[in-house]
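# Remarks on the overall topology
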Amino acid sequence: MESNALIAAREMKEHVQPQVNKERAIKLYWKQKYFFFMLIPVIAYYLIFHYAPLYGIVIAFQNYYPLKGVSGSEWVGLEHFKELFTGLYFLPVLKNTLIISTYKLIFGFPAPIILCLILNEVRLVFFKKAVQTITYLPHFISWVILGGIVIEFLSPTRGLINAIIMEFGHKPILFVTDEAYFRSILVLSSIWKEVGWSTIIYLAAITSVDPELYDAADMDGAGRLRKIWSITMPSIMPVVTIMFIFAVGGIINDDFDQIYNLLNASVLSVGDVISTYTYQIGLVKGDYSFATTVGLFKNIIAFILILLTNYVAKKTNDYSLW
Amino acid sequence: MTDQRKKKKRTFEDIFVDTIVYTTLILLSVLTIIPFMQVVTVSMSPTEVVSSYGFHLIPLKFDWDGYRKILAYQQIWIGYQNTIIRVILGILVSMTFMILAAYPLSKKNLVHRKFWTIFMVFTMFFSGGLIPTYLIVKGVGLYNSVWALVLPVAINTFTMLIIRNYFMSLPEEIQESARIDGANEFIILTRIILPISIPILATVGLWTMVYHWNEWFNAMIYLKDSKKAVLQLVLRKIMFEGSEPQAVEAANTIYANTDTMKMAALMVSLIPLLVVYPFLQKYFVKGVMIGSLKG
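Residues numbered from 1 in each chain as written. Chains lettered and ligands numbered in written order. Predicted model: local features only at pLDDT ≥ 70, side-chain atom pairs only at ≥ 80, totals over all residues. Heavy atoms only, no water.

## Examining the overall build of chain B
Per the secondary structure count, chain B includes 16 helices and zero strands. The burial tally for chain B puts 52% of its 295 residues in the buried class. Taking as baseline every contact in chain B between residues at least 6 positions apart, the subset at least 24 positions apart corresponds to 74%. As presented, chain B carries roughly 13,900 Å² of accessible surface, and 67% of it is formed by carbon and sulfur atoms. (Helix = DSSP H or I, 4+ residues; strand = E, 2+ residues; numbered from the N terminus. Buried < 20%, exposed > 50% of the residue type's maximum accessible area, 1.4 Å probe, protein only. Contact = heavy atoms within 4.5 Å. Areas by Shrake-Rupley, 256 points an atom, 1.4 Å probe, with all protein chains shown as cover.)

In structure tokens form, the structure reads like this:
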């Protein structure tokens, strides 16, 4: 969820604490010992499950051999990176990731904004609630189930779309196994899953609009469209900007859950992305080092994107990470 | 004011906007629901209807064979049981860890608060990635145990910060007077803070529940023993690996309708969610509203 980054950004710049000297610090720590008793398991958790894997990245520069461990494995420097850029498989996978993410950004990003503007025009409370309840639903269902539903819905014999196609006398299309349709299926099904839920953050932004603004606009004779354009839209614009910046920053991240559950052998050439590739290389084929290199490459790109995102966010908004 | 608005004549623009708004929303709702309806229908239809061409939204004939076969499939029940155990453990572990992190961080006077906050928030941006995490989980001996599904994801930093923000919004006075009366922080946390934080804790608890109910990837990579498989994993096997449940093969039902069975399997894992969802929906939303409004 993009708002993760939002929250994090806010955290990073909050509360600069005054410098405390060592002796006073120890005294203060003792005074607050209960807080630190609470924090000990938490800190241990972060060290083991978040910081230790960070150290594990070094195996990207080794020929890691599980029995020898990190200390015993042979160092190979940047060899795996060379393999990455000269190998046959990685660049197409990177390309797939970027294409799919870009499509999702272009079509998936505006969708909840438009839906939010439409929802905001509904005056019948029960109707609005009903639509929200329905459109939030797929958000809570795993891609294992949704993948099965999507495949069933697009089935050549029973699916609605193919029923319509056949009604017009055409041959049914094998959507899920057709390279020409696979990416569209990814984009549309991810919109189907998340569009309702993603409206929440924009609807929250609208609730902070002063209702008097609408009343004043009424007085001035503004119509519905005019009020959408001049009051509602500007009120969600700051959130839209931030969400967009972070969405661009997250473009290297593909949705493993979705893609893995829809991917099949016939669409591998257009649908294999970094995360599915990493899984295949690392955990199926057991090449830990190369898979870590792929992951590290992705993390580096993601980091550069965060820096860029931060720069742009700083220029356009209050939000910046540092 | 409101009287005036009610009396105001609906203009052409009002009608135009309303038409578009209601049409779009009805269409969208229908489009969201139809794929689910199809699954329901296929799951309860007899073989001859399912295998013939054509889209059916409403079942023409009823046949519970798919459900019968799925419910007789042992692995489904093992999956259910493991998922329930996992969800309960997951909620207990996650809530404990997240509360233990959120409460000290919510105190403005915590020593080196900024450092500890960044220590945790940092991990939202940088991670070791799949393989190093996998090796650590294996390395600390969690492999092939339900704890591998629970401990590594104990704290969702984003969710923890939402809890912390909620704690920060609580009044200090009662806590202060308890402190003067000699209560230590554990007592304040459990006797004062937690009881008044039930709305947010319930929301976060529901999120955690949904996460653990749906999560399958960790289960796929960390659990090798099929006796430990969770429901989603069993479902994946039935859905995607094309392998028919052995129970069916053993029963020698050559005319077994795999599609009907698959859809019945989907329904079996969907039903609990569909039953509770309408009642719990508003609680799911609460935390997001709290989290996003602060921005």
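## A short note on the overall build of chain A
A count of helical and extended segments in chain A gives 17 helices and two strands. Computed over its C-alpha atoms, the radius of gyration of chain A comes to 25 Å, more than 25% above the 20 Å expected for a compact globule of 322 residues. For chain A, the spread of C-alpha atoms along the three principal axes comes to 70 × 65 × 35 Å. For chain A, with 322 residues in total, the buried portion stands at 53%. In chain A, the proportion of contacts linking residues at least 24 apart, taken out of those at least 6 apart, comes to 67%. As displayed, chain A has an accessible area near 15,600 Å², and 67% of this comes from carbon and sulfur atoms. Computed over 25 positive and 24 negative side-chain charges, the inter-centroid distance for chain A is 6 Å. (Rg over C-alpha atoms; globule rule 2.2 N^0.38 Å. Lys, Arg positive; Asp, Glu negative; His and termini not counted. Charge placed at Lys NZ, Arg CZ, Asp CG, Glu CD.)

## Side note on the packing of helix 3 (residues 33-56) of chain A against helix 7 (residues 130-139) of chain B
Their axes nearest at 8 Å, the elements helix 3 of chain A and helix 7 of chain B cross at an angle of 120°. Relative to helix 7 of chain B, helix 3 of chain A is oriented oblique. In this structure, the crossing between helix 3 of chain A and helix 7 of chain B has a hand that is right-handed. From helix 3 of chain A, Ile 48, Phe 49, Ala 52, Pro 53 and Gly 56 of chain A reach across to helix 7 of chain B, where they touch Pro 132, Thr 133, Ile 136 and Val 137 of chain B. (Axes fitted to C-alpha atoms, helices over the stretch in contact; angles between N-to-C directions. Parallel < 35°, antiparallel > 145°, perpendicular 65-115°, else oblique. Left-handed = near helix turned anticlockwise from the far one by under 90°.)

## Side note on the pattern of salt bridges
A side chain with one charge can pair with a side chain of the opposite charge if their charged atoms come near. All chains considered together, the criterion is met by 16 salt bridges over all chains. Through salt bridges with shared partners, a single ionic network connects Glu 121 and Arg 224 of chain A together with Arg 10, Asp 14 and Asp 18 of chain B. (Salt bridge = Lys/Arg side-chain N within 4 Å of Asp/Glu carboxyl O.)

## Quick look at the nonpolar core
Core analysis: the largest hydrophobic core is formed by 184 residues, its most contacted members being Ile 149 and Tyr 202 of chain A together with Leu 25, Met 120, Ile 155 and Met 160 of chain B. Discounting chain neighbours no more than four positions away, the residues touching Leu 25 of chain B are Leu 115, Ile 118, Leu 119, Val 122, Phe 127 and Val 131 of chain A. (Core = buried A, V, L, I, M, F, W, Y, C linked by side-chain atoms within 4.5 Å.)

## Concerning the confidence of the model for chain A
Regions with low pLDDT carry predicted coordinates that are not meant to be interpreted in detail. Averaged over every residue, the pLDDT of chain A is 90; residues scoring 70 or more account for 92%. When mean pLDDT is compared element by element in chain A, helix 7 (residues 110-120) of chain A scores highest at 97, while helix 1 (residues 3-13) of chain A scores lowest at 58. (pLDDT = per-residue confidence, 0-100.)

## Observations concerning the interface of chain B and chain A
Chain B puts 111 residues into the contact, and the matching count from chain A is 106 residues. For the pair chain B and chain A, the two sides together bury roughly 10,000 Å², of which 74% comes from carbon and sulfur. When the buried area of chain B at its contact with chain A is split by residue, Val 111, Phe 125 and Ile 131 of chain B rank highest and sum to 6% of it. Summed over the shared surface of chain B and chain A, the result is three salt bridges. One salt bridge connects Asp 18 of chain B with Arg 224 of chain A, and the closest N-O pair in it is separated by 2.8 Å. At the junction of chain B with chain A, the criterion picks out 25 residue pairs in polar contact (both at pLDDT 80 or more). Of all the elements, helix 2 (residues 12-43) of chain B adds the most residues to the side of chain B that touches chain A, at 21 residues. (Buried area = accessible area lost by both parts, 1.4 Å probe. Polar contact = N/O pair within 3.5 Å; in protein donor to acceptor, adjacent residues only side chain to side chain.)

## Observations regarding the UniProt feature "transmembrane region" (unreviewed entry) in chain B
Residue and element names in this part refer to chain B. UniProt records the feature "transmembrane region" (unreviewed entry) for residues 20-40, 83-103, 115-135, 147-167, 188-210 and 263-280 in the present numbering. In residues 188-210, helix accounts for 96% and strand for 0%; the two terminal C-alpha atoms are 30 Å from one another. In residues 263-280, the share of helix is 100% and the share of strand is 0%. The end C-alpha atoms are 25 Å apart. (UniProt positions renumbered as here; feature names shortened; annotations may be inferred.)

## A few points about the environment of Phe 246 of chain A
All names here are of chain A. Structurally, Phe 246 can be placed in helix 13 (residues 224-249). The buried category is assigned to Phe 246, whose relative accessible area is 12%. Separated by 63 residues in sequence, Phe 246 and Thr 309 place their C-alpha atoms 6.6 Å apart.

## Quick look at the environment of Ile 231 of chain A
Residue and element names in this part refer to chain A. Within the secondary structure, Ile 231 sits in helix 13. On the basis of relative accessibility, which here comes to 12%, the residue Ile 231 falls in the buried class. With residues up to four places along the chain from it excluded, the contact list for Ile 231 reads Val 209, Leu 213, Tyr 214, Ala 217 and Arg 226.

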